[in-house]
Amino acid sequence: MVVHSKPAIEQLSNANSCAALLGGIPLIDLSKPDPKSQLVRACEDFGFFKVINHGVPAHLIRALESEAVRFFSLPPSVKAQAGPPDPFGYGDKKIGPNGDVGWLEYLLLTTNSHSDYHKFSSIFGHAADKFRCLVNEYIAAVKKMACEILEMLAEGLRIDDREAFSKLLMDEQSDSVFRVNHYPPCPDFPESNGRDLIGFGEHTDPQIISVLRSNNISGLQISLKDGRWIPVPADQNSFFINVGDSLQVMTNGRFKSVKHRVVANGSKSRLSMIYFGGPPLSETIAPLASLMQDEEDSLYKEFTWFEYKKSAYKSKLADNRLGLFEKIAAS
């Protein structure tokens, strides 16, 4: 089944408005003395922003990307030996158990640094250890950046506990995952009628925070508050940060979990690497008491991360996953 969407630029009123919106995606320099207010505003207005001077070594990014490209260049029968994802491993086109498909293949990996990556030993041989070490080193670097961002957000929100968000990622039981997506060049389907081929369908991320980078190929799009889609210019040297559903709940809706998707490029191969920072399975997800104004009600029912993850796993990508956990206002 081939899934298409209207090109993002056609969903905007005109090219000028598109250019203005593209220029409006927040760009935050993490080396500046005090980016806290910028970070808070970006999470409120977009739920999405780009960071530079992030501290993740360029040589590490290049090394892991090179290993990922080498893996995805292997014959399908060889790559299949690292699958299916149960939950970790190699997958192709099928996204989750509920019928979602996309023009991609992917690796879903644990962030547990002690994992032996046994599925890759038959493919990489002795190089499997090198791959595991590169993944672990990369995850440690982006996790450190994610925690620093979360701590600056806590300060920007005037939360007494600076580690209110970051400690959930630092917990030994943190349920975080690492994903490498490969979007191959795609054929020009006659039935597309000029529409984009979907690589990964529209969705929000259920975790606390997502840290994304890709090679210098476009494809990522985000949805604005009014429902319009805008493309995100490719930038292989920067990282993009997504607010996840859990962080939206913890801020009682002040921060917005951004809806996003990926469209296939057509002629070029796109590779992206995403760290999804999640809390421990037993963690209760609810608005922080220190953020609640006098007599302010929670917009959400309390739930554990396990309950939300289980519910999200049963849903389709485009479903409003948080809808099941919203409190219904009394009529």
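We now turn to the structure provided with this report. (Residues numbered from 1 in each chain as written. Predicted model: local features only at pLDDT ≥ 70, side-chain atom pairs only at ≥ 80, totals over all residues. Heavy atoms only, no water.)

Quick notes on the overall build of the chain
Looking only at helices and strands, one finds nine helices and 15 strands in the chain. Of all 331 residues assigned to the chain, the portion counted as buried reaches 53%. The contacts of the chain with a sequence gap of at least 6 include a subset with a gap of at least 24, amounting to 73%. About 15800 Å² of surface is accessible on the chain, with carbon and sulfur atoms providing 51% of the total. (Helix = DSSP H or I, 4+ residues; strand = E, 2+ residues; numbered from the N terminus. Buried < 20%, exposed > 50% of the residue type's maximum accessible area, 1.4 Å probe, protein only. Contact = heavy atoms within 4.5 Å. Areas by Shrake-Rupley, 256 points an atom, 1.4 Å probe, with all protein chains shown as cover.)

Remarks on the pattern of salt bridges
Under the defined criterion, the tally for this structure stands at 17 salt bridges. The residue Arg70 makes a salt bridge to Glu67 at a minimum N-O spacing of 3.1 Å. Of the two residues, Arg70 and Glu67 both sit in helix α3 (residues 58-72), three residues apart, roughly one turn of that helix. Arg70 sits in the partly exposed class, given a relative accessible area of 39%. Given the relative accessible area of 6%, Glu67 is considered buried. Of the charged contacts in the structure, one is a salt bridge between Lys79 and Glu105, with a shortest N-O distance of 2.8 Å. Taken together, the positions of Lys79 in helix α4 (residues 76-79) and Glu105 in strand β5 (residues 100-110) put the pair 26 residues apart, joining distant regions of the chain. (Salt bridge = Lys/Arg side-chain N within 4 Å of Asp/Glu carboxyl O.)

Observations regarding the sheet that holds strand β3 (residues 48-52)
Strand order in this open sheet of eight strands is β2-β3-β11-β8-β13-β6-β5-β4, and the pairing throughout is mixed. Each edge of the open sheet is held by one strand with a lone partner, namely β2 (27-29) and β4 (89-95). In this sheet, adjacent strand axes meet at a mean angle of 25° when their direction is disregarded. Pairing of strand β6 (residues 177-183) with strand β13 (residues 270-277), which is carried by seven bridges, proceeds in the antiparallel orientation. Residue Arg179 lies in a different strand from β13, and its bridge partner there is Ile274. Running over the sheet, α3 touches β4, β5, β6, β8 (209-214), β11 (239-243) and β13 and is turned about 115° from β13. (Pairing = 2+ DSSP bridges. Axes fitted to C-alpha atoms, helices over the stretch in contact; angles between N-to-C directions.)

So, the environment of Pro233
Here Pro233 shows up in the loop between β10 (229-231) and β11. Once the C-alpha coordinates of Pro233 and Ile217 are considered, the two residues, 16 residues apart in sequence, prove to be 8.5 Å apart.

Comments concerning the packing of helix α2 (residues 36-45) against helix α6 (residues 127-156)
Contact pair α2 / α6: the axes reach a minimum separation of 8 Å and the direction vectors enclose 90°. The pairing of α2 with α6 is recorded here as roughly perpendicular in orientation. Contact residues: α2 offers Lys36, Leu39, Val40 and Cys43, while α6 offers Ile149, Met152, Leu153, Glu155 and Gly156. In terms of residue class, the contact of α2 with α6 is made up of six nonpolar, one polar and two charged. (Parallel < 35°, antiparallel > 145°, perpendicular 65-115°, else oblique. Nonpolar A, V, L, I, M, F, W, Y, C, P; charged D, E, K, R; others polar.)

Considering the side chain of Asn252
In this fold, Asn252 is placed in the loop between α8 (245-250) and β12 (260-263). Asn252 gets classed as buried once you look at its relative accessible area, which sits at 7%. Engagement of the side chain of Asn252 in a polar contact is seen with the backbone nitrogen of Leu299, the distance being 2.8 Å. Contact partners of Asn252, with chain neighbours within four places excluded, come to Pro287, Met292, Glu296, Asp297, Ser298, Leu299 and Tyr300. (Polar contact = N/O pair within 3.5 Å; in protein donor to acceptor, adjacent residues only side chain to side chain.)

Topic: the packing of aromatic side chains
Applying the stated rule across the entire model yields 10 aromatic pairs. Judged by centre distance (5.5 Å) and plane angle (50°), the rings of Tyr138 and Phe178 are tilted. With a gap of 40 residues between them, Tyr138 in helix α6 and Phe178 in strand β6 connect regions that are remote in the sequence. Residue Tyr138 is classed as buried on the basis of its relative accessible area, which comes to 1%. Measuring from centroid to centroid gives 5.2 Å for Phe303 and Tyr308, while their planes differ by 35°, and the two rings are tilted. Each member of the pair Phe303 and Tyr308 is classed as buried. Aromatic rings pair up to connect Phe71, Phe72, Tyr90, Phe120 and Phe131 into one cluster. (Phe/Tyr/Trp six-rings, centres within 6.5 Å; stacked < 30°, edge-to-face > 60°.)

Let's talk about the environment of Val177
By the secondary structure assignment, Val177 is in strand β6. Exposure remark for Val177: the relative accessible area of 13% places this residue in the buried category. Residues Val177 and Tyr275, 98 residues apart in the sequence, show an inter-C-alpha distance of 6.2 Å. Sequence-distant contacts of Val177, defined by excluding residues within four places in its chain, comprise Phe88, Leu108, Leu109, Thr111, Gln207, Ile274, Tyr275 and Phe276.

Description of the pairing of strand β7 (residues 196-203)
β7 sits mainly inside the fold: seven of its eight residues count as buried. In this structure, β7 lies alongside β12, joined through three bridges in antiparallel fashion. What sits directly across from Phe200, in β12, is Val262.

Notes on unusual backbone geometry
Between Gly83 and Pro84 the backbone carries a cis peptide bond, its omega angle lying at -5°. Considering the arrangement of structural elements, one finds Pro84 in the loop between α4 and β4. In this structure, the amide linkage connecting Asp86 to the following residue, Pro87, adopts the cis form with an omega of 0°. Note on placement: Pro87 falls in the loop between α4 and β4. In this model, Asn53 sits at a positive phi of 50°, which is unusual for a non-glycine residue. The residue Asn53 is located in the loop between β3 and α3 in this model. The backbone phi angle of Lys93 is positive, close to 70°, even though this residue is not glycine. Secondary-structure assignment places Lys93 in strand β4.

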